[in-house]
Amino acid sequence: MRNCVVLFSTKSPRGLHFDRCESIIQSINDKNTQIFHITTHKDGVHNQNKNVQYYTFPERSSVKGMNPKLWNHQCEVFLNTIFDIYSPKTFIFDGDYPFRGMLNAMGLREGMNRYWVRESSQNFKISSLPIDGFEQFDAIIHPSISKTTDTDINIGRSGSIFCNPIISHSPSRNDCLLFREKHLPLGATLLFFDIGVKDEFTEKIALSLLSNENVFLLVRQNMKILSVINHPRTICDENLNYSGAMMVSDAAVLYPDHYSIHTSFHLNIPTLSIADEKTTLKELSEEFGTDDLPLMYLDSMMGDGLIDAALNRLADSDVQVQLKERMAKLGIESGTEKLVKVIMNNHN
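Reading the values: rules and limits
- Residues numbered from 1 in each chain as written.
- Predicted model: local features only at pLDDT ≥ 70, side-chain atom pairs only at ≥ 80, totals over all residues.
- Heavy atoms only, no water.
- Axes fitted to C-alpha atoms, helices over the stretch in contact; angles between N-to-C directions.
- Helix = DSSP H or I, 4+ residues; strand = E, 2+ residues; numbered from the N terminus.
- Parallel < 35°, antiparallel > 145°, perpendicular 65-115°, else oblique.
- Left-handed = near helix turned anticlockwise from the far one by under 90°.
- Contact = heavy atoms within 4.5 Å.
- Nonpolar A, V, L, I, M, F, W, Y, C, P; charged D, E, K, R; others polar.
- Buried < 20%, exposed > 50% of the residue type's maximum accessible area, 1.4 Å probe, protein only.
- Polar contact = N/O pair within 3.5 Å; in protein donor to acceptor, adjacent residues only side chain to side chain.
- 1 Å grid on protein atoms, 1.4 Å probe; cavity = no way out; pocket = protein on both sides within 12 Å on 5 of 7 lines; lining within 4 Å.
- Points joined across faces, edges and corners; volume = space filled by probe spheres on them.
- Phe/Tyr/Trp six-rings, centres within 6.5 Å; stacked < 30°, edge-to-face > 60°.
- pLDDT = per-residue confidence, 0-100.
- Pairing = 2+ DSSP bridges.

*Asks:* Could you give an account of the packing of helix α6 (residues 200-210) against helix α11 (residues 304-314), naming the residues involved and the relevant values?
*Replies:* With their axes 11 Å apart at the nearest point, α6 and α11 run at an angle of 50 degrees to one another. Taken together, α6 and α11 sit at an angle that is classed as oblique. You can see that α6 and α11 cross each other, and the crossing is right-handed. Contact residues: Phe-201, Lys-204, Ile-205, Ser-208 and Leu-209 in α6; Asp-304, Ile-307 and Leu-311 in α11. When the residues that make up the contact of α6 with α11 are grouped by side-chain class, the tally is 5 nonpolar, 1 polar and 2 charged.

Structural data, given as structure tokens:
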């Protein structure tokens, strides 16, 4: 085993598995540690860190007619090659479920530390997971606020690690000011817009916001709506991580999953959440232990009047101050540094 860490992140609609792995990489301070990040999220590799090697492996769905068994075999061969060449001491997987090909490659290397980051026990149906895959890992990592027990009964020999949310490092205040000076006229409002769904409602919200000539939108590479991307007041910056995109913005319009809400609460960024799934909001209420979260909500069932009112409130400086004050009381702390310390202690 060598002083090498390999991370594997899977594709998600908004690239959050990739972002979380990048957050972990940022906190590995040992310059002598060789780091490889393998991902099936092809839009994320532009966020390259120094001293990190990136590999992309295609999603099975991206190859027309690809047989699942053949794809898993190719995944196994690919990972075996990486493991054989670099002999990593530590392997970290972030995704909803582990692929069979990955499990087969891991199973041949019991001396390698193996971790699986699972944001929530609710993020994938247990019945569809490879049950024997749990105990291939030394520990399942649960980044959350309130989770203290593992509800999965099939983890086998795997341990559990509970930590505060995994959040990426934030840029300095000076860097944020430089970004705004470069991209925005004086007094403009910048909104981080990250919903990740290409539909009429998403487009309607974005264009409604852009109808205000003082509003600019900051989007990520996953934005696929041409009317939004091509708008003169839409900004897409490849060099900003998730926390960075929030920090340079005045407020955010987000899909309310754990990662995005944890980050916005940690940074005290006023947030309007877009969700049609009541289960998502229910899980967040359980996560924070309250139904009265410092968030504004919006869904496609609301009338135009309510939608316009919500968007206007988001841009209201007084409302933003109120939301920031309520978020600050939650005191959400990042768990990235402590988690990486545990991982690297075992690594060394």
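The structure having been displayed, the exposition proceeds.
*Asks:* Run through the side chain of Thr-39, naming residues and quoting values.
*Replies:* Examined against the element boundaries, Thr-39 turns out to sit in strand β2 (residues 34-39). Note on Thr-39: relative accessible area 0%, which makes it buried. Reaching out from Thr-39, the side chain makes a polar contact with the backbone nitrogen of His-41 at a distance of 2.9 Å.

*Asks:* How would you summarise empty space enclosed by the protein if you had to cite specific residues and measurements?
*Replies:* To find the voids left in a structure, one rolls a probe of water-molecule size over its atoms. Inspection of every chain in the model, using the stated rule, returns 2 cavities of 30 Å³ or more. Taken as a whole, the second largest cavity spans an internal volume of roughly 40 Å³. If you go around the second largest cavity, the residues you meet are Arg-20, Glu-119, Pro-143, Pro-165, Ile-166, His-258, Tyr-259 and His-262. The element contributing the most residues to the lining of the second largest cavity is helix α9 (residues 258-267), with 3 residues. Here the residues of the lining of the second largest cavity are counted per class, giving 4 nonpolar, 2 polar and 2 charged.

*Asks:* Tell me what's going on with the packing of aromatic side chains, and back it up with residues and numbers.
*Replies:* By the definition in use, this model includes 18 aromatic pairs. On the numbers, 6.4 Å between centres and 70 degrees between planes, the contact of Phe-93 with Phe-99 is edge-to-face. The burial state of Phe-93 is the same as that of Phe-99; both residues are buried. Seen from their ring centres, Tyr-97 and Phe-99 are 5.8 Å apart, and the 85 degrees between their planes marks the pair as edge-to-face. With relative accessibility at 34%, the residue Tyr-97 sits in the partly exposed group. Joined through ring pairs, the aromatic side chains of Phe-8, Phe-36, Tyr-55, Phe-57, Trp-71, Phe-78, Tyr-86, Phe-93, Tyr-97, Phe-99, Trp-116 and Phe-137 make up one cluster.

*Asks:* Tell me what's going on with the environment of Gly-244, and back it up with residues and numbers.
*Replies:* Residue position: Gly-244 is located in helix α8 (residues 242-247). Classification of Gly-244 as buried rests on a relative accessible area of 1%. Along the sequence, Gly-244 and Ser-172 sit 72 residues apart, while their C-alpha atoms lie 9.0 Å from each other.

*Asks:* Quick rundown of the side chain of His-347? Include the residues and the values.
*Replies:* Among the secondary structure elements, His-347 is positioned in helix α13 (residues 336-347). Judged by its relative accessible area of 4%, His-347 is buried. A polar contact of 2.8 Å, which involves the side chain of His-347, links it to the side chain of Asn-3. The contact partners of His-347, leaving out residues within four places of it in the chain, are Arg-2, Asn-3, Cys-4, Val-5, Lys-89, Thr-90 and Asn-113.

*Asks:* Outline α6, listing residues and values.
*Replies:* Burial in α6 covers these residues: Phe-201, Thr-202, Ile-205, Ala-206, Leu-209 and Leu-210. Sitting at the amino-terminal end of α6 is Asp-199, which places a side-chain oxygen 3.3 Å from the backbone nitrogen of Phe-201.

*Asks:* Tell me what's going on with the confidence of the model for the protein, and back it up with residues and numbers.
*Replies:* Per-residue confidence for the protein gives a mean pLDDT of 86; residues scoring 70 or more make up 91%. At the level of individual helices and strands, the protein shows its lowest average pLDDT in helix α4 (residues 131-134), which scores 71, and its highest in strand β4 (residues 88-94), which scores 96.

*Asks:* Give a detailed account of the sheet that holds strand β5 (residues 113-117), specifying residues and quantitative values.
*Replies:* Pairing is parallel in the open sheet, where 7 strands are placed in the order β3-β2-β1-β4-β5-β6-β7. Two strands bound the open sheet, and with one partner strand each, they are β3 (52-56) and β7 (159-163). For this sheet the average axis-to-axis angle between neighbouring strands, irrespective of direction, equals 20 degrees. Sheet topology note: the β5/strand β6 (residues 139-143) ladder contains 3 bridges and is parallel. Counterpart to Trp-116 in the pairing with β6 is Ile-140. Across the sheet, helix α3 (residues 100-107) lies against β1 (2-9), β4 and β5, angled at about 160 degrees from β4, the strand it touches most.

*Asks:* How would you explain the sheet that holds strand β8 (residues 189-194) if you had to name every residue and give the values?
*Replies:* Read across the sheet, 6 strands follow the order β10-β9-β8-β11-β12-β13 without closing on themselves; strand pairing throughout is parallel. Each edge of the open sheet is held by one strand with a lone partner, namely β10 (234-236) and β13 (296-298). The sheet shows a mean angle of 25 degrees between the axes of neighbouring strands, direction not considered. Bridge count between strand β12 (residues 271-274) and β13: 3 bridges; the pairing is parallel. In the sheet register, Ser-273 faces β13, and the bridge partner there is Tyr-297. Its contacts with the sheet place α11 against β8, β11 (251-254), β12 and β13, and it is angled at close to 150 degrees to β13.

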